[in-house]
Amino acid sequence: MKKLLVASLALASIGIATRLPAQIERSCRAEIVQLCGMTRDRDVIRSCLRDKYQSLSRPCLQSLMKMRSEREAGASSGTPYRYGTAEKQALDYYPAPSGGRPALIVFIHGGGWSIGDKASGTKNKASHYNGLGYAFASLNYRLVPETDPAGQAADIATAIAYLRAKSNSLGFDPDRIILTGHSAGAHLAALISTEPRYLASTGVPLTAIRGTVLLDGAGYDVPRQMANAGPMLGKMYRDAFSTDRATQKRLSPLTYAGAPNVARWLILFDDSRADSRAQSETLAAALNNAGEAARAVAVSDTSHMKLNRDLGVEGDVATALVDAFIKRAL
C-alpha cells in the first residue's frame, strides 16, 4: 500500500516541474512549494514527493489524485451512473460492443482506502475487456474518513446490486460477474467475496460472482499486516482499521475464508513484495482448504503500480493470466 501512495503521487506530480498546474488549489500549491522548494527539475519534484508525501495534508493529497483522475478521465468513454447519494457513490459503465448478454468485469480501484478514483482504474482495462466481448464497470466508493472499509464494502455491494438491477437495459448477464481489485481495492474485493453478508444485504447471490481477481493486495490479514508495518504504512492502516484488534479481524478477508466464498480466485502479487506474497499465499491456502479453487501467482519484472497499470496491455504476462482465468471461470 505504501508503494501505491508513493507511485500515485509521483504520477500526480507530472506537470509540476516547470510550474504548478492551475488545477491545484492554492493551499496545496503552497504546501508543495514549502516541502519541495521552487525547483524546475521534474525528477527533483518526484523524488521529493516520494520521500515526503506523508507531510502533505489529506486535502492536498486528494487534490493531487483528483487532478490525475480528471486527466485520465478525459480519455474515458464510459457512461457515468450514480448508485447512491454520496459524491463518491458513482460508477462508469462500458458496454460490450457486440451487444447480447455478455459477462461483466467489475473493477475496484486502490488508494489506501483514503484516496483514488474510478478513472484511474480503467486505463487499458475497459477497451481490452470490451474487445474480448465483455461489459466493464469501474466503481468509486466512499473514502476514509467519510467511512471505513466496512462502509466501502457495503458501497461496492450496493453498486453491484444497482448494476444487476439495470442489467437488461445495460446489456449484460447479471449472474456472470468477475470482480477485480487492486491494492486496497483487492482487499475490498476479497472482503465481499468471503463475507457473504455484504452482497446478501443488497440481494446479490454470492454465486453471481463467478470469479475474483486480486492484484497485489496486502491487507487480507489486517492484524498481521499492521504488526509488521512501519510508521507511514502503519498510519494508513490505523486510519482505515483503527487500533482495535477485533475491528481489524472483522475487516480481514482471511477471517471469513471458510466456506461459503466465491468459488474461483486468481491472486496475483508483485514478486518483489514480501508482504503481498505472504498475504496472498495465506489467503489462497485458506480458500483452497475451504474447498474453493484459489491460485496465488507471483508476477516478476513488475511493481505494485505497474501490475495494475499494464492490465489490458497486449503482451503483458499478468493480463494473459487474468484473461485465461476469466475464460475458465465463466
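All figures in this text were calculated on a predicted structure; none of them were measured in a lab. (Residues numbered from 1 in each chain as written. Predicted model: local features only at pLDDT ≥ 70, side-chain atom pairs only at ≥ 80, totals over all residues. Heavy atoms only, no water.)

Chemist: Go over the overall build of the protein, please, and point to the residues and values.
Modeler: Broken down by element type, the protein carries 16 helices and 8 strands. For the protein, the residues scored as buried account for 56% of the 330 residues in total. A separation threshold of at least 6 residues defines the contact pool for the protein, and within that pool the share at least 24 residues apart is 77%. Of the roughly 13200 Å² that the protein leaves accessible, carbon and sulfur atoms contribute 50%. (Helix = DSSP H or I, 4+ residues; strand = E, 2+ residues; numbered from the N terminus. Buried < 20%, exposed > 50% of the residue type's maximum accessible area, 1.4 Å probe, protein only. Contact = heavy atoms within 4.5 Å. Areas by Shrake-Rupley, 256 points an atom, 1.4 Å probe, with all protein chains shown as cover.)

Chemist: Please give an account of the side chain of Gln152 that cites residues and values.
Modeler: Residue position: Gln152 is located in helix α7 (residues 149-165). When sequence neighbours within four positions are dropped, the list of residues in contact with Gln152 reads Trp113, Tyr141, Arg142, Leu143, Val144, Thr147 and Leu188.

Chemist: How would you sum up the sheet that holds strand β6 (residues 209-215)? Please name residues and give values.
Modeler: If you walk across this open sheet you meet the 8 strands as β1-β2-β4-β3-β5-β6-β7-β8, and the pairing is mixed. The open sheet has two free edges, formed respectively by β1 (79-82) and β8 (293-299), since each of these has just one partner strand. Looking at each pair of strands side by side, their axes are set apart by 20° on average, direction ignored. Summarising the sheet, strand β2 (residues 90-94) and strand β4 (residues 135-139) pair through 4 bridges and their orientation is antiparallel. The partner of Leu91 across the bridge, within β4, is Leu139. Across the face of the sheet, helix α9 (residues 184-194) comes into contact with β3 (104-108), β5 (177-182), β6 and β7 (264-270) while running at roughly 140° to β5. (Pairing = 2+ DSSP bridges. Axes fitted to C-alpha atoms, helices over the stretch in contact; angles between N-to-C directions.)

Chemist: So, helix α12 (residues 231-241): which residues are in play, and what are the values?
Modeler: Taken together, the buried positions of α12 are Leu233, Gly234, Met236, Tyr237, Ala240 and Phe241. For α12, the angular spread of the buried residues around the axis is 160°, confining them to a single face. Downstream of α12 by a residue or two, Ser242 has a phi angle that is positive, lying close to 70°. (Arc of directions from axis to C-beta.)

Chemist: Give a detailed account of the pairing of β5, specifying residues and quantitative values.
Modeler: Among the 6 residues of β5, 6 are classified as buried, and the element is accordingly described as predominantly covered. A two-sided burial pattern is seen for β5, the buried positions comprising Ile177, Leu179 and Gly181 on one face and Ile178, Thr180 and His182 on the other. When β5 meets β6, the two strands line up parallel, connected through 6 bridges. Within β6, the residue paired with Ile178 across the bridge is Gly211.

Chemist: Describe α9, naming the residues involved and giving the relevant values.
Modeler: Among the 11 residues of α9, 11 are classified as buried, and the element is accordingly described as predominantly covered. Residues of α9 that are buried include every one of Ala184, Gly185, Ala186, His187, Leu188, Ala189, Ala190, Leu191, Ile192, Ser193 and Thr194, and no others.

Chemist: Lay out the packing of α7 against α9 with the relevant residues and their values.
Modeler: Running from N to C, α7 and α9 cross one another at 70°; their axes reach a closest spacing of 10 Å. Put simply, α7 runs roughly perpendicular to α9. Side by side, α7 and α9 meet where Pro149, Gln152, Ala153, Ile156 and Ile160 of the first sit next to His187, Leu188, Leu191 and Ile192 of the second. (Parallel < 35°, antiparallel > 145°, perpendicular 65-115°, else oblique.)

Chemist: Explain the pairing of β7 to me, using residue names and the numbers behind them.
Modeler: β7 sits mainly inside the fold: 6 of its 7 residues count as buried. In this sheet, β7 lies alongside β6 in parallel orientation, the contact comprising 4 bridges. Of the residues in β7, the one forming a bridge with Val213 is Leu266. Two elements, β7 and β8, share 7 bridges in a ladder whose sense is parallel. By the bridge assignment for β8, Arg264 is matched with Ala293. For the crossover that starts at β7, traverses helix α14 (residues 274-289) and ends in the parallel β8, the hand is right-handed. (Right-handed = clockwise from strand over helix to strand, strands pointing away.)

Chemist: Please provide a residue-by-residue account of the environment of Leu199, values included.
Modeler: With respect to the helices and strands, Leu199 occurs in helix α10 (residues 197-200). Between the alpha carbons of Leu199 and Ala153 there is a distance of 9.0 Å; along the sequence they are 46 residues apart.

Chemist: Go over unusual backbone geometry, please, and point to the residues and values.
Modeler: Of the consecutive residues Val144 and Pro145, the connecting peptide bond is found in the cis state with omega at 10°. Topologically, Pro145 is positioned in the loop between β4 and α7. Cis rather than trans, the peptide bond between Ala259 and Pro260 has omega equal to 5°. You can see Pro260 is positioned in the loop between α13 (245-250) and β7. Its identity is not glycine, yet Asp216 carries a phi of approximately 50°, on the positive side. If you trace the backbone, Asp216 turns up in the loop between β6 and α11 (222-227). What makes Asp216 buried here is its relative accessible area of 0%. In the Ramachandran plot, Asp301 falls in the positive-phi region, its phi being about 55° despite a non-glycine side chain. Along the chain, Asp301 falls in the loop between β8 and α15 (304-309). Look at Asp301 and you get exposed, because its relative accessible area is 75%.

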